[in-house]
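Per-entry structural report
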Amino acid sequence: MAEALGCDTPPIDPFDVVRRERRLIHAEGDDFGDAFDGRIRYLGRRFLIAYNTCYDRWPHQGKHHSKVLFTVAHELGHFYLPEHRRRLVTSRRAHDSFTEFVADRQIEQEADAFAAGLLMPKQLLRRFVNAENFPTIERIKEVRNLFSVSLTGLLVRWTQLSDFPCLTVAARGDEILFGWASESLRSQGVWGVRRGERAVGKEFQSFVRHSQTGGGYRESKANGALYSWAEHEGRRLLTQEHYFYIPHTGMSWCLVMADEQDFERQSY
Ligand SMILES: [Zn+2]
């Protein structure tokens, strides 16, 4: 998609895609309160996308907050993914979305994945992700700004594109909701996170307690162990971890990074 847009530098603007598809898509923004983040409906010949601009009240650079851009990209997912489009065309009903990895339904996860891929194309993001095994929180935020995306979206994509052993985990309180393992970690037999279980790491527990009393955005880094997030053949592999508390969703997002060399040593 990025290539089709002739875009070889970030950020990718989803409104460029909307403009290219203007024969088929009409997009309108407005403050829809908490009704939905985005809505798409097939009207016969054209698709109408409504996106919620209430998030533009949050501090941001550029015309729209990254949450709004992500929502437009998510709705484009419903337009481009063949099964999604078929459903819209046959039902003719409006489809409402809450975007950016807050919804569990498969169709929403697919549209979120499409949005992340559109805004953070592999060929543009990969070199930032794979520059070092242990990027700092500051570096991750720099990349977020460069691509005009949210931390949440970036962290999901980070693990997908990483050549290093790492996990992205979403938690509510200390309960692990869902997560992704990098290819390198999957090749070591770690396929996913301990969904529905408590994250037992002391440092993360303390981060959660402080976030719940503080209420605002928080970030922190800590040392931990892989087994508190994922099954891994009982080996106590140590990790470096970045935590981000996102007050809007009440969720904590964690980037859990293992040392590539620890795996190499263990394979002897
Ligand atoms: Zn949706």
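These numbers come from a predicted model, not from an experiment. (Residues numbered from 1 in each chain as written. Predicted model: local features only at pLDDT ≥ 70, side-chain atom pairs only at ≥ 80, totals over all residues. Heavy atoms only, no water.)

Let's talk about the pattern of salt bridges
For the coordinates displayed, the defined rule picks out 14 salt bridges. Measuring nitrogen to oxygen at the nearest pair gives 2.8 Å for the salt bridge that ties Arg86 to Glu83. On the criterion of helical spacing, the pair formed by Arg86 and Glu83 is a turn pair, its members being three residues apart in helix H3 (residues 82-91). For Arg86, a relative accessible area of 45% translates into the label partly exposed. Put simply, Asp13, Asp16 and Arg19 are held in one network by salt bridges that share partners. (Salt bridge = Lys/Arg side-chain N within 4 Å of Asp/Glu carboxyl O. Helix = DSSP H or I, 4+ residues; strand = E, 2+ residues; numbered from the N terminus. Buried < 20%, exposed > 50% of the residue type's maximum accessible area, 1.4 Å probe, protein only.)

A look at the domain arrangement of the protein
Parsing the protein into structural domains produces domain 1 (14-119) and domain 2 (138-266). Domain 1 and domain 2 are separated by 27 Å when their C-alpha centres are compared. Contact residues are listed per partner, giving 14 residues for domain 1 and 16 residues for domain 2. Our count for the domain 1 to domain 2 interface comes out at zero salt bridges. At the surface where domain 1 touches domain 2, the tally comes to one residue pair in polar contact (both at pLDDT 80 or more). Elements supplying a minimum of two residues to the side of domain 1 that touches domain 2: helix H2 (66-80) and helix H4 (106-119). For the side of domain 1 that touches domain 2, the element with the highest residue contribution is H4, accounting for four residues. Its residues placed into classes, the side of domain 1 that touches domain 2 shows seven nonpolar, four polar and three charged. (Domains from an automatic or database assignment. Contact = heavy atoms within 4.5 Å. Polar contact = N/O pair within 3.5 Å; in protein donor to acceptor, adjacent residues only side chain to side chain. Nonpolar A, V, L, I, M, F, W, Y, C, P; charged D, E, K, R; others polar.)

Details of the coordination of the zinc ion
Every protein donor of the zinc ion is accounted for by His74 (NE2), His78 (NE2), His95 (NE2), Ser97 (OG), Glu108 (OE) and Glu108 (OE), and the metal-donor separations fall at 2.0 to 2.6 Å. Bound by six donor atoms, the zinc ion shows angles of 53 to 173 degrees at the metal and therefore irregular coordination geometry. When the donor residues of the zinc ion are listed from N- to C-terminus, their spacing reads H-x3-H-x16-H-x1-S-x10-E. With His95 in strand S4 (residues 95-97) and Glu108 in helix H4, this pair connects stretches of sequence that are 13 residues apart. Residues His95 and Glu108 agree in their burial class; the two are buried. (Donors = N, O, S within 2.8 Å, 3.2 Å for Na, K, Ca; no water. Tetrahedral: all angles 85-135°; square planar, octahedral: opposite > 155°, others 65-115°.)

Some points on the UniProt feature "domain: IrrE N-terminal-like" (unreviewed entry) in the protein
On the UniProt side, "domain: IrrE N-terminal-like" (unreviewed entry) is annotated at positions that read residues 69-157 here. Secondary structure content for residues 69-157 is 70% helix and 3% strand, while the C-alpha to C-alpha distance between its ends is 16 Å. (UniProt positions renumbered as here; feature names shortened; annotations may be inferred.)

Examining the environment of Trp253
You can see Trp253 is positioned in strand S9 (residues 251-258). On the basis of relative accessible area, Trp253 is assigned to the buried category, the value being 2%. It is 28 Å that separates the C-alpha atoms of Trp253 and Glu264, two residues lying eleven residues apart in sequence.

Focus on the pairing of strand S2 (residues 38-42)
Here S2 shows a clear split, with Gly38, Ile40 and Tyr42 buried on one side and none of Arg39 and Arg41 buried on the other. Relative to strand S3 (residues 47-52), S2 runs antiparallel, the two being bridged by five bridges. By the bridge assignment, Gly38 is partnered in S3 with Tyr51. Connecting the antiparallel pair S2 and S3 is a turn made up of four residues, with Gly44 showing a positive phi of about 90 degrees. Two strands pair when backbone bridges link them, and S2 and S4 are joined in this way by three bridges, in the antiparallel orientation. Within S4, the residue paired with Arg39 across the bridge is Asp96. (Pairing = 2+ DSSP bridges.)

What to know about the packing of aromatic side chains
This model, assessed by the stated rule, comprises 15 aromatic pairs. Ring centres 5.2 Å apart and planes at 85 degrees place the aromatic pair Phe47 and Phe79 in the edge-to-face group. Within this pair, whereas Phe47 is found in strand S3, its partner Phe79 is found in helix H2, the two being separated by 32 residues in sequence. Judged by relative accessible area, Phe79 falls into the buried class, the value being 1%. When the centroid spacing of 5.1 Å and the interplanar angle of 65 degrees are considered together, the rings of Phe204 and Tyr243 count as edge-to-face. On the criterion of sequence distance, the pair formed by Phe204 in helix H9 (residues 202-214) and Tyr243 in strand S8 (residues 238-246) is long-range, its members being 39 residues apart. For Phe204, a relative accessible area of 1% gives the class buried. A connected cluster of aromatic rings, assembled from ring pairs, spans Tyr42, Phe47, Phe79, Tyr80 and Phe114. (Phe/Tyr/Trp six-rings, centres within 6.5 Å; stacked < 30°, edge-to-face > 60°.)

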